[in-house]
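Single-letter residue listing:
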Amino acid sequence: MPVEGGKTDMERIGLFSEMEYITVGDKYVSSFNRPFNEAASKNKQMLPGGSKEMSNLQAGYFDPHFVRIFEGEGYVSLNQVRRQRMMEEAKKNLGKAFLPSSGDKKPCGLGSYYGTLGGPVPFFSAQSKPREKYEAPGKNLYTNPGKKGTGYGYANITIGKQFSHSADFYDAPKLNYKKENEEHHRLVKGTPFKLNLYPREYFDTNPYSFEKTLPPIKKTEKKELLSHPFKPSSPGKKAGGMKAGTFDPYPSHSADPYVVKLATQISSKDAKIFHPPGGPKSRPVESIMTLNVKR
């Protein structure tokens, strides 16, 4: 459309001509209702006739009637054909069937040649071959015969001299202790030293013995049971907004009027803030290594 200046929109764009419209005047069809294949819903379609299932009926085959492979052939028995062939093969024999003179020979054991065609093989014979007479080699040179024995329980097999025999009695420690004990008692003079300061031993034989007279048995006082329970003369007073439940009467009214204290009336001592005193201060401490160096 023309605007100010006398130029149309197409002139301002710079195109030679306006693009043509292919679907001018067509009705709008929504893509939601549009069919996927429009050609499939128009004109006649190819109908294959449905699937066929194999059965004994002729409808399961492609041909209209059952077709045989061979037309007019007769029934032939396979047994009869086989017998006829055997008779024809038997006519070709010149004589009777070959039968061996004797049955098969079976081997009687491992290493035997009974039943074989070739017989025994001399190479596998078990007989020993002739050999030369064995001569034993001479003995080695012995400078000194070796000493027999391992060292335990054998005499004269060590480098040095044989140790002399010393008798060791079985109860030697017991006899020595007995001699030392007798010698000790012989040297002791008098009886063992005992203190006579206290007539009794340190521990009593009977820990439950008591020499003092026992005090008289205390008689338990029997409390007299009251025949009826205790009941107060009047019920307890309940605490409320008044002083009816207290032991003391209501306090008297004080005539001190409520007046707010001014800042000037407050003493200087109360105005100061409390500062706690400082804790213990640390001091320079020499290390253990420094002390050892000075020493």
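One numbering rule holds for all chains: residues counted from 1, following each sequence as written. Since the coordinates come from a predicted model, pLDDT governs what is reported: local features require at least 70, and pairs of side-chain atoms require 80 or more to be given and counted, while whole-chain, interface and lining totals use all residues. For side-chain calculations, the full set of non-hydrogen atoms in the structure is used, while hydrogens and water are omitted.

Draft legend 1. Molecular detail of the overall build of the protein. Helix and strand counts for the protein come out as five helices and zero strands. Along the protein, from the amino end to the carboxyl end, the secondary structure elements read α-α-α-α-α. Note on classification: 1.4 Å probe, protein chains only; a residue is buried when its accessible area is under 20% of the maximum for its type, exposed when over 50%, partly exposed between these limits. In the protein, which comprises 295 residues, the share counted as buried stands at 0%. By the convention used here, residues are in contact when the closest approach between their heavy atoms is within 4.5 Å. Look at the contacts in the protein between residues 6 or more apart in sequence, and 0% of them connect residues 24 or more apart. Surface exposure here means Shrake-Rupley accessible area, sampled with a 1.4 Å probe, where a residue is shielded only by the protein chains that are shown. Carbon and sulfur atoms form 59% of the exposed surface of the protein, whose accessible area is close to 34800 Å². Helix and strand definitions here come from DSSP, where helices need a minimum of 4 consecutive H or I residues and strands a minimum of 2 consecutive E residues; each element is numbered from the N-terminal end.

Draft legend 2. Structural view of the pattern of salt bridges. Any carboxyl oxygen of Asp or Glu within 4 Å of a side-chain nitrogen of Lys or Arg constitutes a salt bridge here. This structure, assessed with the given rule, holds three salt bridges. Among the ionic pairs, Glu89 bridges to Lys92, the shortest N-O distance being 3.7 Å. For Glu89, a relative accessible area of 42% corresponds to the partly exposed category. Two residues, Lys294 and Glu286, come together in a salt bridge whose shortest N-O distance is 2.9 Å. Take Lys294: its relative accessible area is 58%, and that puts it in the exposed class. The class for Glu286 is partly exposed, based on a relative accessible area of 44%.

Draft legend 3. Quick look at a nonpolar patch on the surface. Patches here are clusters of residues that have more than 30% relative accessible area and form no salt bridge, with a 9 Å joining cutoff for like charges and a 5 Å cutoff for nonpolar side chains (Val, Leu, Ile, Met, Phe, Trp, Tyr). A surface patch of nonpolar side chains, amounting to about 460 Å² of accessible area, comprises Tyr113, Val121, Phe123 and Phe124. With respect to the helices and strands, the residue Tyr113 is situated in the loop between helix 2 (78-91) and helix 3 (172-187). Among the residues examined, Tyr113 registers a relative accessible area of 31% and is labelled partly exposed.

Draft legend 4. Looking closely at helix 2. With 14 residues, helix 2 should cover 20 Å at 1.5 Å per step; its first-to-last C-alpha distance of 21 Å lies within 8% of that length. The buried count for helix 2 comes to zero of 14 residues, which makes it a mostly uncovered element. Expected span, for any helix, means 1.5 Å times one less than how many residues it has.

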